[in-house]
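# Understanding the architecture of this molecule
The residues making up each chain are set out below.
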Amino acid sequence: MAERVVARGPGRVNLIGEHTDYNDGLALPFAIDRGVTVTAEPLPGDRIEAHALDLGEEDAFALEDAEPARGWRAFVRGTVAELRAAGHEVRACRITIEGDLPHGSGLSSSAALEAALCLALIEDDDVDRVELAKLCSRVENDHVGARTGLLDQLAVLCGEEGRALRIDFRDLAMDAVPLELGDWRLVTLGSGASHEHAGGGYNERRAECAAACEALGISSLRDATGAGGLPGPLDRRVRHVLSENARVDAMAEALAAGDLERAGALLDASHASLRDDYEASVPEVERTVAALKDAGAAGARMVGGGFGGSVLALFPPGATPPDGSVSVAPGPAARRL
Ligand code: GLA
């Protein structure tokens, strides 16, 4: 790195297809305008200094043998370690992190940070973005301790302005789906309950899906034909994944047909399935969904890993979303500025 590099990683909204990525299923996310900006400035020596401006916290570690760390520091140290392990040259520098995406909001501040770090630190940003997404995912899995899938990283690194990305996680095939909403709009509203993937419900759900596969004798829930015979709660987890995959394609069809009432109904159905079959909701999220529906939303659902975070809602023309709602639309993927 000969000079200062600034990179931006966007957050993401998943229109539909939740908890399907680690089950070789389908999802329809897009990158949003809000995100994380990372600035890297060369330093002499062999250390990285990092400054999280919004938190007012600092870190410093040796490029060669950084100790593991927790919180945001795990993302920075993990990204540097994974880039080096993949053969990228990472040079001594001072990293500054700032953003407008609240941590724990369910809009993937994690993937935004990972992607911005990668693009700021690598020598040449003309890289295979799917490989970079996998590298970012290893940061979460192996350094942060969250057994998350590839949804967020692919959305953030491969998203396209004006379109959602239909991802088939079986083969990572990606198709852009135009998101033409006319006078309708999508908004997110924070539930007030923060979530943490590295702890609690998320990893537990993932383990339940693995247990269901084992009981069914299949390697991924994509191959399941039903939940028949499984004990609870595994039967409900499988039912969610299968019905959610079907809703992704139904959503793509509704969008292609311009049928936004139907798109709203699919958001509601996804939420009900996440709440009842996947049991990934919490009271704050339920209250937020109710507030959005009361304000006239055609559909509303929790977005991201669940157990807190934000709710996504689709509003018809003329309806006014509750205070605090933020409009979201597909923006550009992670990039150098
Ligand atoms: C989080 C994870 C993703 C995905 C979603 C649920 O955002 O990071 O990999 O599993 O939850 O769809």
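Since we're looking at a predicted model, the values are computed, not measured.

Secondary structure assignment for the protein yields eight helices and 13 strands. For the protein, whose C-alpha radius of gyration is 20 Å, the value lies close to the compact-globule estimate of 20 Å for 337 residues. Along the first, second and third principal axes, the C-alpha atoms of the protein reach 60 × 50 × 35 Å. Nonlocal contacts in the protein, meaning residues at least 24 apart in sequence, comprise 70% of its contacts between residues at least 6 apart. Accessible surface, the protein as shown: approximately 13,300 Å² in total, 46% of it carbon and sulfur. For the protein, the distance from the average site of its 33 positive side-chain charges to the average site of its 55 negative ones is 2 Å.

With that settled, the discussion passes to the environment of Leu-179. Within the fold, Leu-179 resides in the loop between strand 8 (173–178) and strand 9 (185–190). Given a relative accessible area of 11%, Leu-179 falls into the buried group. Separated by 174 residues in the primary sequence, Leu-179 and Val-5 place their C-alpha atoms 32 Å from one another. Once residues within four sequence positions are removed from consideration, Leu-179 is found in contact with Leu-15, Phe-30, Gly-162, Arg-163, Ala-164, Leu-186, Leu-255 and Pro-330.

Turning our attention to the site of the ligand. If you check the shell around the ligand, you find 13 residues, and the closest are Glu-18, His-19, Asp-21, Asp-152 and Tyr-202. One of the backbone nitrogen or oxygen atoms of Gly-149 is found 2.9 Å away from an oxygen atom of the ligand. Contact between the ligand and Gly-305: an oxygen atom at 3.2 Å from a main-chain N or O atom of the residue. For the ligand, whose unbound accessible area comes to 300 Å², protein coverage reaches 100%. Of the residues in the shell around the ligand, the class split is three nonpolar, six polar and four charged.

Rules and cut-offs
Residues numbered from 1 in each chain as written. Predicted model: local features only at pLDDT ≥ 70, side-chain atom pairs only at ≥ 80, totals over all residues. Heavy atoms only, no water. Helix = DSSP H or I, 4+ residues; strand = E, 2+ residues; numbered from the N terminus. Rg over C-alpha atoms; globule rule 2.2 N^0.38 Å. Contact = heavy atoms within 4.5 Å. Areas by Shrake-Rupley, 256 points an atom, 1.4 Å probe, with all protein chains shown as cover. Lys, Arg positive; Asp, Glu negative; His and termini not counted. Charge placed at Lys NZ, Arg CZ, Asp CG, Glu CD. Buried < 20%, exposed > 50% of the residue type's maximum accessible area, 1.4 Å probe, protein only. Near = heavy atom within 4 Å. Polar contact = N/O pair within 3.5 Å; in protein donor to acceptor, adjacent residues only side chain to side chain. Nonpolar A, V, L, I, M, F, W, Y, C, P; charged D, E, K, R; others polar.

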